[in-house]
Structure formats: C-alpha cells, structure tokens
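Structural characterization, general
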Amino acid sequence: MSNRITSWHGNPSKPLYTPPAGAIDAHCHVFGPMAQFPFSAKAKYLPEDAGPDMLFALRDHLGFARNVIVQASCHGTDNAATLDAIVKSNGKARGVAVVDPAISETDLAVLHDGGIRGIRFNFLKRLVDDAPKDKFLEVAKRLPPGWHVVIYFEADILEELRPFMDAIPVPLVIDHMGRPDVTQGPDGTDMKAFRAFLDSRDDIWFKATCSDRLDPTGDPWNAFADAVAPLVSDYQDRVLWGTDWPHPNMQDNIPDDGHLVDMIPRIAPTQALQRKLLIDNPMRLYWPEELVG
Ligand SMILES: O=C(O)/C=C(\CC(=O)C(=O)O)C(=O)O
C-alpha cells in the first residue's frame, strides 16, 4: 500500500440545523498524524493525516461541543493517536479503543484514565483480518466498570453474531445500525431484524449514523431519512449520532459534513428527540459522572 488517501471534505458547508448547546458527535476518528502515530502494518487503508486540530475545528464549525473518538482500524490496537486527541480536547472528548484481547487489567485501567469508555469489535472483512469471537468475549467479561462494547458488522451476519452478542455481559453499541439496506424502507427485512435484536435486550444502543455510507440514492439521502426516523423515535433512549469524520474509505463519495448534520432534524424532528440523541444519551455512556444528582 503506498498512496495515502483523503476521505473528507475540504470545505464542508455550515449546517442549516443548529445542534443544541452541549451536543456530542459520538462517532468520529483521528488519523495520525502519521509522523507521530504511525499506521498499523495491517491497515487496509492508508489515509492522509486527520489529527485532533482538524477534528476540533470541524466540531466548532458544525456547532458541536464534544466528541467521542472511535479508534479506527488503520491504527490497529495501538490507541496512542486516539488517546492523544482526547488529551488535546481538554475534557471535551472521550473514546472507544480497539485492544488486543489479551490486554492486562493494568493496561485497561490506563485506557480508562485516558478517557476510554468502551472497546470496539470490528467484523468487517475488508477492514480486519480476523475477529476471534471467543477472545473478544473473554475480554468483554473483564472490562472496567461502566464500559461498553461497540460492535461493527453488516446486516447479513446479524443472525450469525447473535449467540456471541447475547453472551456479552455489558451494554452493546451497534455502529451504523449494523448497516441495514435502507432502500428496503422502515419495514424492510434488515430493519425488522435489527428491531428484533434491539427488542431482545434493553441495553443495546445504536448509532443512527452514516447516511452517506448506507444510502446509495446519495445526498440528501432520502431513503436513509425514511428508514431511520421511525427507529430513532421508537428507541429514543438508546440512540446516538455522529459525523463519522474523517469518513474512512469514502474517498470516492465524500460527504459534506454540513449536510450530514442537516439529517439530524429529519430523523429526530422534535427538540426533545434531538436532546436525547445529541446530549442525554451520549452523556449517559461517556460522561455519566456529570449526570449524578
Ligand atoms: O468509520 C467507520 O465507522 C466505518 C469504516 C471504517 C472503520 O470502521 C475503521 O476503519 O475502523 C468503514 O466502513 O470503512
């Protein structure tokens, strides 16, 4: 792999929608900078640098207050870039790590002190070489208190993953709703299967994210809005939203982040829903200590 790729918009528009004060972008990443934080030898893509300064400038431009930074597969299990970005945020970011399942209790505690509140299991074959369920389950059983597991999979393996996910004893957060085919509509096979999964436990959360990845009809992503709005309404206490900046692997179809933010009022039409989606729900997972009282 040689050429480094740029997968983000150079000049995103200002959204028409203004997020409420304190809004959290609960799914984004940092890439590098490579000179300081080299990419993994196993990385499936090699991006240009998209470091914390760029992320925080975008956060301010879009009207958000905080970020949840999810370790991207290009950095493997070395979370140094994610931890560095969290430090540079001055308390305005927390994170989700990717770990070697054999990680020690001491190293998990170090991640906790660095602002990590969950670990991510990635089942996309184009992103990772292997995803050992037995080892994932073992580490999921010994996470620090209050942590959760983020899982990224595609709709066609939801049923296959059920026994594994059912056995995880901490809350689950499903990236991009498990990538349903949104063109099937709100009552399509994929959405029905995902709803059945959500109904199986009340501690399964999901991210109503990635209209750009999931909707082949393109911006303004009408199929995504139609399919996802009912899901957000029906499961409004366990849904999160994020930009997915810097949009790994989207270099052929780079979204305008301002337009992504304008999806929010289409899937969460009331102020009450927007507050849950952007503030109350992510605060419960990532800054629960601020909610005490
Ligand atoms: O950023 C996302 O959520 C989606 C990704 C990239 C990814 O997950 C990773 O590199 O870890 C994708 O579908 O390529």
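Residues numbered from 1 in each chain as written. Predicted model: local features only at pLDDT ≥ 70, side-chain atom pairs only at ≥ 80, totals over all residues. Heavy atoms only, no water.

Under an unreviewed UniProt entry, the name given to the protein chain is Amidohydrolase family protein, and the source organism is Sphingobium rhizovicinum.

Right, let's talk about the UniProt feature "domain: Amidohydrolase-related" (unreviewed entry) in the protein chain for a bit. Under the feature "domain: Amidohydrolase-related" (unreviewed entry), the UniProt entry names residues 24-286. Here residues 24-286 runs as 38% helix and 14% strand, with 10 Å between its end C-alpha atoms. (UniProt positions renumbered as here; feature names shortened; annotations may be inferred. Helix = DSSP H or I, 4+ residues; strand = E, 2+ residues; numbered from the N terminus.)

The strand order across the open sheet formed by eight strands is β1-β2-β3-β4-β5-β6-β7-β8, and the pairing between neighbours is parallel. Among the strands making up the open sheet, the edge pair consists of β1 (24-28) and β8 (239-240). Sheet analysis places strand β6 (residues 172-174) next to strand β7 (residues 204-207), joined by three bridges and oriented parallel. Each bridged residue has a counterpart across the sheet, and for Leu172 the counterpart in β7 is Ile204. (Pairing = 2+ DSSP bridges.)

Now for the side chain of Arg238. Inspection of the secondary structure assignment puts Arg238 in the loop between α8 (222-234) and β8. Despite being buried, Arg238 has no salt bridge partner; Asp199 is the closest side chain of opposite charge, sitting 4.8 Å away. One polar contact links the side chain of Arg238 to the main-chain carbonyl oxygen of Leu198, over a distance of 3.1 Å. Non-local contacts of Arg238, meaning those with residues more than four positions away in its chain, are made with Leu198, Arg201, Asp202, Ile204, Trp205, Phe206 and Asn281. (Buried < 20%, exposed > 50% of the residue type's maximum accessible area, 1.4 Å probe, protein only. Lys, Arg positive; Asp, Glu negative; His and termini not counted. Salt bridge = Lys/Arg side-chain N within 4 Å of Asp/Glu carboxyl O. Polar contact = N/O pair within 3.5 Å; in protein donor to acceptor, adjacent residues only side chain to side chain. Contact = heavy atoms within 4.5 Å.)

With that settled, consider the pattern of salt bridges. This model, assessed by the stated rule, comprises 17 salt bridges. The partner of Glu289 in a salt bridge is Arg94, and the shortest N-O contact between them spans 2.9 Å. Of this pair, Glu289 sits in the segment after α11 (271-286) while Arg94 sits in strand β3 (residues 93-97); the two residues are 195 residues apart in sequence, bridging distant segments of the chain. For Arg94, a relative accessible area of 15% translates into the label buried. Residue Arg142 pairs with Glu105 through a salt bridge whose shortest N-O separation is 3.1 Å. Highlighted residues: Arg142 in the loop between α4 (133-140) and β5 (148-152) and Glu105 in helix α3 (residues 105-113), separated in sequence by 37 residues. Overlapping salt bridges bring together Glu105, Glu138 and Arg142 as one network.

Another point: α4. All of the buried residues in α4 are Phe136, Leu137, Val139 and Ala140. One side of α4 carries all its buried residues, which in axial view fall inside an arc of 165°. Each element contacted by the buried residues of α4 is listed here: β4 (116-122), β5 and α5 (158-166). (Arc of directions from axis to C-beta.)

The next subject is the environment of Leu55. One can find Leu55 in helix α1 (residues 52-62). By relative accessible area, which is 0% here, Leu55 ends up buried.

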